[in-house]
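Each chain, written out:
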Amino acid sequence: MCAIAGILGLEADTHTLDTMLKTMKRRGPDGSGVYSDQDIHLLHSRLAFIDPDGGKQPMLLSWQGKQYVLVYNGELYNTQELRRELMQLGHVFITQSDTEVLLHGYVQWGAECLQKLNGIYAFAVWHLRERKLFMARDRMGVKPLFYKLHGGGLIFASELKTILSFPSVQAR
């Protein structure tokens with residue numbers, strides 16, 4: 001189990017991000033990470049199964065002059081097949097993690113990557129140049145992805161309590 005969260009278009013200080021991360025700790029005791037930029041904060045708490053060093057998140061990728069950041073909770077059952085297909089398309093991998101395969105898959109195919117994924121997942125990808133966020137979860141919702149439109153922005157997370165830990169969100 002892992003956990004993801006994010007804040008788009010809302011200000012969040014270090015205390016807020018730490019508070020949100022604390023709500024995610026039990027789902028990912030093996031490590032955590034935060035990516036912050038002008039409009040976005042992406043949070044990840046990790047339970048490491050595969051490639052503990054290589055699968056650290058948020059994961060960044062530069063590809064053909066564009067940069068992407070991913071937070072991901074899940075497991076891809078067809079990681080090796082996707083890796084082979086992406087390698088044939090020119091992608092180079094530096095880890096053994098399904099996280100990296102998912103990120104390269106999204107970069108290659110965009111939203112169409114969902115048609116190729118066999119697994120359980122919830123993830124968010126931030127396009128740095130375009131300043132756009134893409135989020136998805138598996139078709140059955142095995143890996144949860146909750147969100148709230150709030151104050152002109154968006155807050156999302158693997159658990160409701162993470163969203164509720166944002167200072168101005170009320171439990172109603």
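Residues numbered from 1 in each chain as written. Predicted model: local features only at pLDDT ≥ 70, side-chain atom pairs only at ≥ 80, totals over all residues. Heavy atoms only, no water.

### Regarding the pairing of strand E4 (residues 59-63)
Because side chains alternate across E4, one face comprises the buried residues Met59, Leu61 and Trp63, and the other comprises Leu60 and Ser62, none of which is buried. By the bridge criterion, five bridges tie E4 to strand E5 (residues 66-76) in an arrangement that is antiparallel. The residue of E5 that forms the bridge with Met59 is Leu70. Following E4, the chain reverses through two residues before pairing antiparallel with E5; Gln64 in that reversal takes a positive phi of roughly 50 degrees. (Buried < 20%, exposed > 50% of the residue type's maximum accessible area, 1.4 Å probe, protein only. Helix = DSSP H or I, 4+ residues; strand = E, 2+ residues; numbered from the N terminus. Pairing = 2+ DSSP bridges.)

### Some thoughts on the sheet that holds strand E6 (residues 119-127)
Taken together, the four strands give an open sheet; going across it, the order is E4-E5-E6-E7, and neighbouring strands pair in antiparallel fashion. The sheet is open, and its two borders are formed by E4 and strand E7 (132-137), each paired with just one other strand. On average, each strand axis in the sheet is inclined to that of its neighbour by 20 degrees, with strand direction left out of account. Sheet strands touched by helix H3 (residues 98-109): E4, E5, E6 and E7. Its angle to E5, the strand with the most contacts, is close to 130 degrees. (Axes fitted to C-alpha atoms, helices over the stretch in contact; angles between N-to-C directions. Contact = heavy atoms within 4.5 Å.)

### A closer look at the sheet that holds strand E9 (residues 153-157)
Across the sheet, five strands lie side by side as E2-E3-E1-E9-E8; this open sheet has antiparallel pairing. The sheet terminates laterally at strand E2 (31-36) and strand E8 (146-150), the two strands that pair on one side only. For this sheet, the mean angle separating the axes of adjacent strands, direction not counted, is 10 degrees. For E8 and E9, the ladder comprises five bridges, and the chain directions are antiparallel.

### Describing helix H2 (residues 79-88)
What sets the pattern is the α-helix's 3.6 residues per turn: residues three or four places apart point alike. Those residues of H2 that sit buried are Thr79, Leu82, Arg83 and Leu86. Angular distribution of buried residues about the axis of H2 spans 100 degrees; they occupy a single face of the element. Close packing links the buried residues of H2 with E5 and H3. Positive phi shows up at Gly90, right after H2, with a value of about 105 degrees. (Arc of directions from axis to C-beta.)

### What about the packing of aromatic side chains?
Across all of its chains, the model carries three aromatic pairs by this definition. Residues Phe123 and Phe134 carry aromatic rings whose centres are separated by 6.0 Å and whose planes lie at 45 degrees to one another, so their mutual orientation is tilted. Note that Phe123 is positioned in strand E6 and Phe134 in strand E7, a separation of 11 residues in sequence. Each member of the pair, Phe123 as well as Phe134, is classed as buried. Through a chain of ring-to-ring contacts, three or more aromatic side chains come together here, namely Tyr106, Tyr121, Phe123 and Phe134. (Phe/Tyr/Trp six-rings, centres within 6.5 Å; stacked < 30°, edge-to-face > 60°.)

### Some words on the pairing of E2
Of the pairings in the sheet, the one linking E2 to strand E3 (residues 40-46) comprises six bridges and is antiparallel in character. Bridged to Tyr35 within E3 is Leu42. The turn joining E2 and E3, which pair antiparallel and follow one another in sequence, is formed by three residues.

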